[in-house]
Amino acid sequence: MQFNIAALLGDGVGPEVANEAIRVLEAMGKKFGHSFQFHHGLVGGAAIDAHGVALAEETLKMCRSCDAVLLGAVGGPKWDDPKAKVRPEDGLLALRKELELFANLRPVKVLPILVDSTTLKPEVIKNVDLTVVRELTSGLYFGQPKKQWHDAEGRKAVDTMFYSEQEIERIVRVGFEIALTRRKKLTSVDKANVLESSRLWRQVATEVAADYPDVELEHMLVDACSMRLIQRPAQFDVIVTENTFGDIITDEASMLAGSMGMLPSASLAGIPKGGVSKAFGMYEPIHGSAPSRAGQNIANPIATILSAAMMLRYSFNLANEAQAVDKAVLAVLEEGYRTYDIMEEGKIKVGTREMGELIAERVAK
Ligand code: IPM
Ligand code: MG
């Protein structure tokens, strides 16, 4: 089969890690007889430097004409001025909104082999295998009004947490569908003791549950959830939550796995069913552009490589191929290879390219 992939490598370590994901996809294509066509475009700071905008209209058009988007990372100190008119992050937000990527899947799995590389006690994090389903195109990030102004009293600012029932329903369905393919437990996270949008969220989640009698639904307040994630993270299966809550708890959850360098993500424009979808999607590591690590061939490419595996699974319906990539990653870790962020005594330290090459070799075998 032939697939067209928009490759937006971005800033900082983005190009380095994304190039390794491309290497692995190419090895995979050769082995399984697929052809992946990569179409390059600029996003973030790189696009600001070239075109004055964080995402050019033509780049967006190019993405729409492809089957999926592979994204590196955006941002860096060069574009960080809080007064700047355009920011690298605007490119990311525009991609999410324009491509209607409402469902952000962020799986967090603690590999037994890395259980000692985190700051948490091994007995707390062992068996952690959870997925956060984060709403990605509404809530505080996009609600109107959203502005700063000043009047006689001084400066003021507002952001709006808006949700429609349709927006809540589709993301909650994603949560249920993912739960069906796993341990059948869904935790809907909100702040229903304070926020109206959360009270609607909770009602809609309860209504949708009627269509999924096999999944156990629980509601949890976001502050309690943050605590539980540290206290008893293994109790979670699937968490579904709104945009800002999801942003915060996924950074927290990522630390369970030791390094952000291990965690992939998928942002989908449709509801996956039975563990697959043919939905358009954008795939990126959850870590940022790590400007201080850029250009040194040290960043961990595994998060981006696992994101490419999610692309195979969720946008191309290639579950076996996705599994082969996951397995290759595990094999290389089992052989003792580590990037700096997951390095432990007695292991073999490798750089970004070497890690990519090792995984590509295992995939090709
Ligand atoms: C994320 C990031 C983004 C977000 C930033 C870069 C805009 O933190 O993907 O979690 O807040 O969504
Ligand atoms: Mg974030």
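Above: the structure in question.
Criteria and cut-off values
- Residues numbered from 1 in each chain as written.
- Chains lettered and ligands numbered in written order.
- Predicted model: local features only at pLDDT ≥ 70, side-chain atom pairs only at ≥ 80, totals over all residues.
- Heavy atoms only, no water.
- Near = heavy atom within 4 Å.
- Polar contact = N/O pair within 3.5 Å; in protein donor to acceptor, adjacent residues only side chain to side chain.
- Areas by Shrake-Rupley, 256 points an atom, 1.4 Å probe, with all protein chains shown as cover.
- Helix = DSSP H or I, 4+ residues; strand = E, 2+ residues; numbered from the N terminus.
- Nonpolar A, V, L, I, M, F, W, Y, C, P; charged D, E, K, R; others polar.
- Domains from an automatic or database assignment.
- Pairing = 2+ DSSP bridges.
- Axes fitted to C-alpha atoms, helices over the stretch in contact; angles between N-to-C directions.
- Contact = heavy atoms within 4.5 Å.

Caption draft 1: Local environment of the site of ligand 1. Every residue lining ligand 1 is accounted for by Glu89, Leu92, Arg96, Arg106, Arg134, Tyr141 and Asp247. Tyr141 places a polar side-chain atom, nitrogen or oxygen, 2.5 Å from an oxygen atom of ligand 1. Its free accessible area being 320 Å², ligand 1 has 74% of it covered by the protein chains. Broken down by element, the shell around ligand 1 gets its largest block of residues, three residues, from helix 4 (residues 88-98). Among the residues forming the shell around ligand 1, the class breakdown is two nonpolar, no polar and five charged. Domain assignment of the residues forming the shell around ligand 1 places at least three in each of domain 1 (1-105 + 277-365) and domain 2 (118-257).

Caption draft 2: Local environment of the sheet that holds strand 1 (residues 2-10). The strand order across the open sheet built from 10 strands is 2-1-3-12-11-4-5-10-8-9, with neighbouring strands paired in mixed fashion. This sheet does not close on itself; its edge strands, each paired only once, are strand 2 (35-41) and strand 9 (216-221). The average angle at which neighbouring strand axes cross in this sheet is 25°, direction not considered. As paired elements, strand 4 (residues 103-109) and strand 11 (residues 264-268) share three bridges and run antiparallel to each other. Bridging from a neighbouring strand, Leu105 pairs with Ala266 of strand 11. On top of the sheet, helix 7 (residues 196-209) reaches strand 5 (129-135), strand 8 (185-190), strand 9 and strand 10 (238-241); it is set at about 170° to strand 9, its chief contact.

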